[in-house]
Number of protein chains: 2
Amino acid sequence: MAANRRPTLADVAREVGVSAKTVSRVLNEDGPSSPQTRERVLAAVAKLGFQPNLMARNIRVGGPDTTVGLVVPDLGNPFFGTVAGGIEDAVRSRGLTLLMGSSAEDPDQERTLIQTFLARRVSMLMVVPSFGADHTHLKASRAAGLPVVFLDRPGVGLSADCVVSSNRTGVHEGVSHLIARGHRRIGFVGDLPAKLYTQRERLAGYRSALAEADLPYDRTLVTGAHDQDGAAAETTALLSLPNPPTAVFAGNNMMALGVIARLTRAGRKDIALVTFDDLPLADVLEPALTVVAQDPAAIGEAAARTALARLDGDRTRARTIMVPTRLVVRGSSEPAPCPAERAPAGS
Amino acid sequence: MAANRRPTLADVAREVGVSAKTVSRVLNEDGPSSPQTRERVLAAVAKLGFQPNLMARNIRVGGPDTTVGLVVPDLGNPFFGTVAGGIEDAVRSRGLTLLMGSSAEDPDQERTLIQTFLARRVSMLMVVPSFGADHTHLKASRAAGLPVVFLDRPGVGLSADCVVSSNRTGVHEGVSHLIARGHRRIGFVGDLPAKLYTQRERLAGYRSALAEADLPYDRTLVTGAHDQDGAAAETTALLSLPNPPTAVFAGNNMMALGVIARLTRAGRKDIALVTFDDLPLADVLEPALTVVAQDPAAIGEAAARTALARLDGDRTRARTIMVPTRLVVRGSSEPAPCPAERAPAGS
DNA sequence: GTGAAAGCGCTAACAG
DNA sequence: CTGTTAGCGCTTTCAC
């Protein structure tokens, strides 16, 4: 009933009448042990409900703990959840457990979390950097052999492995798709702050696609917002321009929600739309959404594999891995530009 | 360059010329220390890049580790991610870190994960039970004082705290809403296996709403599927019935996707729809989706609070906490039944 | 095949 | 204010 002391190796040993080391041997299948001893030890373990103390073990063995430290900006975001799933799948066979925390996109919290992970001697550290965070403080740990991998965005002040989506080429492809359909004025609704790595890259992809087609870059067509409602408002603004776009590219899925909401409410089925990042409902919408899909599970997997390779002694220099995106053409990019003021039929 | 041994307390002590205990005192702000010593210790810590070893500390202090073990069936599901976020927010102030793993809805993996957590001496254990899992094996740990909380679904074979959504009354409310709008034949598309706790409860809510309105329970109107495509197929089957439903209730959001897809493709805007669990795009759909929304963050928070209370000595008997759902009426439940074959106008 | 002793990195308990 | 000793639960090392 009361919170009794949990049984230890010594308790088991006493119960059986052998030494602690013998019990240890049986449990870890390290060194030989007679079948009878084995039998009796296992029985005692079951009887006492003994649970080995992994912390005590690790401290003695001296190596890193069998955990993977992962810092994400938001646990509720399925993108990061899926990344985490990819990591877990890749490290499970090595017996590693995921230690996961949220930085809430705050550099201070991120740093605190990282310190906690270091204090726990994680075997590898994976971080989705918060905007504004600096990672110089990780130099010593990395030099001491700790594999560090940045996910989704590169780290700052530390040369370490990094796994990101091919943001630039992905957007390039999506925008080129719109251009190929005849659009010459394409709006871009990005995330704020616009300096966020992913948004910078995506905007660069937008610009390179325009450049490739010899289209002018018109900054009045480029906006950004903090949330869904903001994106909706920016969409309205874009459509009210004297010379409005005939197509819109949404820089991430939160922006997409706002843009879609506004387009739908306004009944503007004539505006073509492509979005970065897939949405569960993308193919259920009317029209179905054309997206540049990321592969979060592959990002997690690549990160884990890189880190495991480091753990296994890979000492080559830090690399950046681009996980390709995939253009999924559905209906929303269908509308061709129609300069005439002809409203599409209702059905 | 090489993976040198990390500095220990003793190394710092030697550097400064004091005892290890003094360094410990400074770092933990335990007991007094002269400002000069403090200063010099801190300097040495910084110089050597010392990181305290939390495992060694915990083993000595003897108490549980400052971690929370959380087992979920799927890391990529935003529902569980948001639950995890709720837990983290609630335990952060106590300095607890989240240890999180996925059971992939497999009882064996769930058990393995739980063993790992126990071996790590987590301070509390939170589990979303997999279908078919048994938790009798946790009795000893719970008796030894480990707070155990089941989330989303009750555990099996162990009396422990449990936090669930008010599935039954939530669905009751949603179905009653449809009935109030005049519907008398309402389809139910649930998740499989139908014996899953949440689906049992939700179906019970469906039946109680019918009973309350003196409507017959017609089992041909009740179906289930494993995935989105299955739900779409079941929707088609429902609508092809000789006496088809005029409204549909979807038992979770994956089912919802299938039902919506089919209804949209078939152009059946005359069928009313209510869904369990909110979707990010719910209010962007045309029509916007009426949902019975769960509150995953509140579930996580309630679980964490309960467990913390146990940690603080609460020895009252295990309780089940229902986190209320909320009916969010949007457009999709709008259509009233129209026995006549009159198709609604396009716009 | 098994055991005794030492020690991992840290802190409790007692000195001084 | 600071140091010493012992020991957390386990494994390593070496002996039997």
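Residues numbered from 1 in each chain as written. Chains lettered and ligands numbered in written order. Predicted model: local features only at pLDDT ≥ 70, side-chain atom pairs only at ≥ 80, totals over all residues. Heavy atoms only, no water.

Under an unreviewed UniProt entry, the name given to chain A is LacI family transcriptional regulator, and the organism recorded is Streptomyces cirratus.

1. Observations concerning the overall build of chain A
The cut-off we apply is this: Strands are runs of DSSP state E lasting at least 2 residues, helices are runs of H or I lasting at least 4, and numbering of each runs from the N terminus. Relative accessible area decides the class of each residue, using a 1.4 Å probe on protein chains only: under 20% of the type maximum gives buried, over 50% gives exposed, and in between gives partly exposed. Positive: Lys, Arg. Negative: Asp, Glu. His and the chain ends are not part of the count. Think of each charge as sitting on NZ of Lys, CZ of Arg, CG of Asp or CD of Glu.
In terms of regular secondary structure, chain A is built from 12 helices and 12 strands. With the C-alpha coordinates aligned to their principal axes, the bounding extent of chain A is approximately 95 × 45 × 35 Å. The 347 residues of chain A split such that 50% are buried. Taken together, the 39 basic and 36 acidic charged side chains of chain A have centroids lying 7 Å from each other.

2. Describing the pattern of salt bridges
For clarity, the cut-off: When a carboxyl oxygen of Asp or Glu lies within 4 Å of a side-chain nitrogen of Lys or Arg, that pair is called a salt bridge.
Scanning the model with the defined rule gives 39 salt bridges over all chains in all. Residues Arg153 of chain B and Asp152 of chain B are paired through a salt bridge, measuring 3.4 Å at the closest nitrogen-oxygen approach. Residue classification places Arg153 of chain B among the buried positions, given a relative accessible area of 8%. By relative accessible area, which is 8% here, Asp152 of chain B ends up buried. Between Arg168 of chain B and Glu201 of chain B there is a salt bridge whose closest N-O contact spans 3.1 Å. One end of the pair, Arg168 of chain B, is in helix α8 (residues 167–180); the other, Glu201 of chain B, is in helix α9 (residues 197–212), and 33 residues separate them in sequence. Take Glu201 of chain B: its relative accessible area is 13%, and that puts it in the buried class. Linked by salt bridges that have partners in common, Asp161, Arg310, Asp314 and Arg319 of chain A make up one network.

3. Section: the protein's contact with DNA strand C
For clarity, the cut-off: Whether a residue is near a molecule or strand depends on its heavy atoms: if one lies within 4 Å, it is near. The definition of a polar contact used here is a pair of N or O atoms within 3.5 Å, where within protein one atom must be able to donate a hydrogen and the other to accept one, and adjacent residues in sequence count solely through side-chain atom pairs. Gly is put with the polar residues, along with every residue not named as nonpolar or charged; the nonpolar set is Ala, Val, Leu, Ile, Met, Phe, Trp, Tyr, Cys and Pro, and the charged set is Asp, Glu, Lys and Arg.
Near DNA strand C lie 23 residues; those nearest to it are Thr22, Thr37 and Arg60 of chain A together with Leu9 and Ser24 of chain B. Among the atoms of DNA strand C lying within 4 Å of the protein, the sugar-phosphate backbone contributes 60%. Here Asn53 of chain B contributes a backbone N or O atom positioned 3.1 Å from a phosphate oxygen of DNA strand C. One of the side-chain nitrogen or oxygen atoms of Arg60 of chain B is found 2.9 Å away from a base oxygen of DNA strand C. Elements represented by at least two residues in the surface near DNA strand C include exactly α2 (20–28) and α4 (54–61) of chain A together with α2 (20–28) and α4 (54–61) of chain B. Here the element with the most residues in the surface near DNA strand C is α4 of chain B; it accounts for four residues. Classifying every residue of the surface near DNA strand C by side-chain character gives eight nonpolar, nine polar and six charged.

4. Details of the environment of Ala302 of chain A
Residue and element names in this part refer to chain A. The condition that has to hold: Note on contacts: a residue pair qualifies if any of its non-hydrogen atoms lie within 4.5 Å across the two residues.
Within the secondary structure, Ala302 is located in helix α12 (residues 296–311). Ala302 gets classed as buried once you look at its relative accessible area, which sits at 12%. Expressed as a C-alpha distance, the spacing of Ala302 and Val122, which sit 180 residues apart in the sequence, is 18 Å. Setting aside residues no more than four positions away along its own chain, Ala302 makes contact with Val163 and Ile321.

5. Some remarks on the relation of the copies chain B and chain A
Each of the two chain copies can be generated from the other by rotation about an axis followed by a shift along it. Quick note on the threshold: Copies overlap after least-squares fitting; the atoms used are the C-alpha atoms of residues with pLDDT of at least 70 in both.
Aligned on chain A, chain B shows an RMSD of 0.1 Å; the corresponding rotation is 180° and the shift along the axis is 0.0 Å. Taken together, the rotation angle and the small translation identify this as a two-fold axis. Taken as a fraction of all interface residues of chain B, those also at the interface in chain A reach 100%, which identifies the copy contact as same-surface.

6. Description of unusual backbone geometry
In the segment running from Glu286 of chain A into Pro287 of chain A, the intervening peptide bond is cis, with an omega of 0°. You can see Pro287 of chain A is positioned in the loop between β9 (272–276) and β10 (290–293). In the Ramachandran plot, Ala104 of chain A falls in the positive-phi region, its phi being about 55° despite a non-glycine side chain. Residue placement: Ala104 of chain A occurs in the loop between β2 (97–102) and α6 (107–119). Residue Ala104 of chain A is classed as partly exposed on the basis of its relative accessible area of 44%. The phi dihedral of Glu29 of chain B is positive, around 50°, even though this residue is not glycine.

7. Observations regarding the protein's contact with DNA strand D
Looking at DNA strand D, there are 25 residues lining it, with Leu9 and Lys21 of chain A together with Thr22, Thr37 and Arg60 of chain B nearest. Thr22 of chain B has a polar side-chain atom sitting 2.5 Å from a phosphate oxygen of DNA strand D. Arg25 of chain B is positioned such that a nitrogen or oxygen atom in its side chain is 2.8 Å from a base nitrogen of DNA strand D. Broken down by element, the surface near DNA strand D gets its largest block of residues, five residues, from α4 of chain A. The class makeup of the residues in the surface near DNA strand D is nine nonpolar, 10 polar and six charged.

8. Remarks on the interface of chain B and chain A
This is how it is decided: Here's the idea: put two parts together, see how much 1.4 Å probe accessible area each one loses, and the total over both is what we call buried area.
Every contact between the two is made by 56 residues of chain B and, on the other side, 57 residues of chain A. Both sides of the chain B and chain A interface together cover about 5,000 Å² of buried area, and 57% of this is carbon and sulfur. Of all residues in chain B, Met55, Arg120 and Arg121 of chain B give up the largest surface area on contact with chain A, accounting jointly for 15% of the area buried on that side. In this assembly, chain B and chain A are joined by four salt bridges. Of the charged contacts, one joins Arg120 of chain A and Asp65 of chain B as a salt bridge, the two residues approaching to 2.9 Å between their closest N and O atoms. On the surface where chain B and chain A come into contact, there are 20 residue pairs in polar contact (both at pLDDT 80 or more).

9. A look at the pairing of strand β2 (residues 97–102) of chain B
Both faces of the sheet carry side chains from a regular strand, because those side chains alternate between them. All names here are of chain B. Cut-off, in case you're wondering: Consider the strands pointing away from the viewer: the crossover is right-handed when the path from the first strand over the helix to the second runs clockwise.
Counting buried positions along β2 yields six of six residues, so the element is predominantly enclosed. With burial as the criterion, each face of β2 is covered, one bearing Thr97, Leu99 and Gly101 and the other bearing Leu98, Met100 and Ser102. Traced from strand β1 (residues 67–72) through helix α5 (residues 78–92) to β2, the parallel crossover comes out right-handed.

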